Amino acid sequence: MSSHLTILGIETSCDETAAAVVARDEAGRGTILGDVVLSQLEEHSAYGGVVPEIAARAHVEALDELIGQALSRAGKTLDEVDAIAATSGPGLIGGLIVGLMTGKAIARAKSKPLYAVNHLEGHALTARLTDGLSFPYLMLLVSGGHTQLVLIRGVGDYERWGTTIDDALGEAFDKTAKLLGLPYPGGPAVERAAMTGDPDRFTFPRPLVGEKRLDFSFSGLKTAVRQAAQSIEPVSEQDIADICASFQKAVSRTLKDRIGRGLERFRQAFPDVAEPALVVAGGVAANRVLRATLQELCDHNRFRFVAPPLALCTDNAAMIAWAGLERMACGLSPDDLSVAPRARWPLDAEAAAMLGSGKRGAKA
Ligand code: KG4
Ligand code: ZN
């Protein structure tokens, strides 16, 4: 095996079409050579959410061109990459088929190995690309499709400690925005409105706070927001700001309790890890109030808080390429070209499926 590896990554599991070329040196350091992401936000915003059929068609139209762009930015040809990595789940099946089939076609035509990558593994390993983190560490994945606290013990070695039992956190932001008449995607809109709001005007529920298990629940919070809005109709702009600020405060408190317990559990499980770390991933990681809460929590517990640049927290192909490189570097076999895409594919094969979670398509 070459000591310096270069790989082409492809990501099409939801509403971002992405391609990237990433290299890994013999010391395990990664370099992003070319990284392009095309968001389909505009195509979907009129519908207030991702429309699978529109997403799949948009991937077909954009992917070849994006792969060409990623390669040319990297100054590489397809013959010069060592392997292909494509997301093969979890996500929307139409998009997964587009990306994985393209990856297979390139692998076959150029006689390169193919790595069929779990999208969640991409998020899980990103902090090793951006911050050179060593195993083990904890990851909080908070996106439109997932809310999970996962122990990352090694490549392919993951243990899910907590997950949402109903809505994902991003979904709770999106639904809250929708019922307040704010635009899609809801997270940034709620954060913006909250800036001029009073976080103490409404006391919203903090589900599961105090419970020993590390799961999350956000659907009760959304219902409480609806009831608050209905009780003061017609809502003014200030009311909306106050509801958003109070909503974020409830989320902050919930995360503080849940993640705080997770940090304690990590310390007990790994007393010898000198500088334990919590990594955040997913679109909700953009939220400044939640970031500040997590930073404070980590400082208090003497954990390092790692928040990769936002473009690498949200969906991208560099993380897929990197996950492929990590697999390759530790000698894991490439996938057979008969590998099938999987709409549902838990990172932790041992974790029981949670009733009602990941309704939006089991997507992060
Ligand atoms: O990881 P991501 O880009 O992809 C999907 O899950 O599809 O996450 C998108 C989610 C959306 O639910 C969006 O509302 C949320 O991340 N989000 C935010 C913020 N920016 C994006 N949530 C809270 N605050 C934000 N600033
Ligand atoms: Zn994701």
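In this text the structure is predicted, and so the values were computed from the model without any measurement.

Some words on the site of ligand 1
- Around ligand 1 lies a shell of 21 residues, among which Gly144, Asp174, Gly187, Glu191 and Gly283 are the nearest.
- The backbone of glycine 187 places a nitrogen or oxygen atom 2.9 Å from an oxygen atom of ligand 1.
- The contact in question runs from a nitrogen atom of ligand 1 to an N or O atom on the side chain of glutamate 191, over 2.7 Å.
- Applying the majority rule of atoms within 2 Å of the grid points places ligand 1 in the largest pocket.
- Elements represented by at least two residues in the shell around ligand 1 include exactly α5 (169–179) and α6 (186–194).
- Top contributing element to the shell around ligand 1 by residue count: α6, with four residues.

Some remarks on the confidence of the model for the chain
- Mean pLDDT over the chain: 94, with 96% of residues reaching 70 or higher.
- Residue range residues 355–364 is modelled with pLDDT below 50. Its contacts to residues more than four positions away, or to other chains, number 41 contacts.

Notes on the packing of helix α4 (residues 119–131) against helix α11 (residues 318–329)
- Where α4 meets α11, the axes come as close as 8 Å, and the angle between the chain directions of the two elements is 80°. Of the possible angle classes, the one that applies to α4 and α11 is roughly perpendicular. Between α4 and α11, the residues in contact are His119, Glu121, Gly122, His123, Leu125, Thr126, Arg128 and Leu129 and Ala318, Met319, Ile320, Trp322, Ala323, Glu326 and Arg327, respectively.
- Looking at side-chain class alone, the contact of α4 with α11 contains seven nonpolar, four polar and four charged residues.

Some remarks on the pattern of salt bridges
- Using the criterion set out here, one finds 21 salt bridges in the structure.
- Across the salt bridge formed by glutamate 53 and arginine 57, the nearest N and O atoms sit 2.8 Å from each other. Of the two residues, glutamate 53 and arginine 57 are both situated in helix α2 (residues 52–74); the distance of four residues between them amounts to about one turn of the helix.
- According to the relative accessible area criterion, glutamate 53 is partly exposed, its value standing at 48%.
- Glutamate 296 is the salt-bridge partner of lysine 256, the closest N and O atoms lying 3.6 Å from each other. Note that lysine 256 is positioned in helix α8 (residues 237–269) and glutamate 296 in helix α9 (residues 288–301), a separation of 40 residues in sequence.
- Residues participating in the shared-partner salt-bridge network are Arg153, Asp157, Glu159 and Arg265.

Brief notes about the packing of aromatic side chains
- Within this structure, the stated rule accounts for six aromatic pairs.
- Centroid distance phenylalanine 202 to phenylalanine 204: 5.7 Å. Interplanar angle 5°. Geometry classified as stacked.
- Given a relative accessible area of 14%, phenylalanine 202 falls into the buried group.
- Ring centres of phenylalanine 266 and phenylalanine 270 lie 4.9 Å apart, and the angle between their planes is 40°; on these two criteria the pair is classed as tilted.
- A connected cluster of aromatic rings, assembled from ring pairs, spans Phe266, Phe270 and Phe303.
- The cationic tip of arginine 265 hangs over the ring face of tryptophan 161; the distance from NZ or CZ to the ring centre is 4.0 Å.

What about the nonpolar core?
- Core analysis: the largest hydrophobic core is formed by 46 residues, its most contacted members being Leu140, Leu169, Phe204, Phe247, Ile259 and Leu278.
- Contributions of two or more residues to this core are made by β6 (137–142), β7 (147–154), α5, α6, α7 (219–231), α8, β9 (277–281) and α9.
- Residue contributions to this core peak at 11 residues, all from α8.
- Counting residues in hydrophobic clusters, the runner-up holds 36 residues, among them Val117, Ala127, Leu129 and Leu325.

Concerning the domain arrangement of the chain
- For the chain, the assigned domains are domain 1 (5–129 + 311–345) and domain 2 (136–309).
- Between the C-alpha centres of domain 1 and domain 2 there is a distance of 27 Å.
- Here domain 1 meets domain 2 over a buried area of about 1,600 Å², counting both sides, of which 73% is carbon and sulfur.
- Taken together, domain 1 and domain 2 are joined by zero salt bridges.
- Counting across the interface, domain 1 meets domain 2 through seven residue pairs in polar contact (both at pLDDT 80 or more).
- Where the side of domain 1 that touches domain 2 is concerned, the elements lending two or more residues are α1 (41–45), α4, α10 (310–313) and α11.
- Of the residues forming the side of domain 1 that touches domain 2, the biggest block, eight residues, is contributed by α4.

What counts, and at which threshold
Residues numbered from 1 in each chain as written. Chains lettered and ligands numbered in written order. Predicted model: local features only at pLDDT ≥ 70, side-chain atom pairs only at ≥ 80, totals over all residues. Heavy atoms only, no water. Near = heavy atom within 4 Å. Polar contact = N/O pair within 3.5 Å; in protein donor to acceptor, adjacent residues only side chain to side chain. 1 Å grid on protein atoms, 1.4 Å probe; cavity = no way out; pocket = protein on both sides within 12 Å on 5 of 7 lines; lining within 4 Å. Sits in = over half its atoms within 2 Å of the grid points. Helix = DSSP H or I, 4+ residues; strand = E, 2+ residues; numbered from the N terminus. pLDDT = per-residue confidence, 0-100. Contact = heavy atoms within 4.5 Å. Axes fitted to C-alpha atoms, helices over the stretch in contact; angles between N-to-C directions. Parallel < 35°, antiparallel > 145°, perpendicular 65-115°, else oblique. Nonpolar A, V, L, I, M, F, W, Y, C, P; charged D, E, K, R; others polar. Salt bridge = Lys/Arg side-chain N within 4 Å of Asp/Glu carboxyl O. Buried < 20%, exposed > 50% of the residue type's maximum accessible area, 1.4 Å probe, protein only. Phe/Tyr/Trp six-rings, centres within 6.5 Å; stacked < 30°, edge-to-face > 60°. Lys NZ or Arg CZ within 6 Å of the ring centre and 35° of its normal. Core = buried A, V, L, I, M, F, W, Y, C linked by side-chain atoms within 4.5 Å. Domains from an automatic or database assignment. Buried area = accessible area lost by both parts, 1.4 Å probe.

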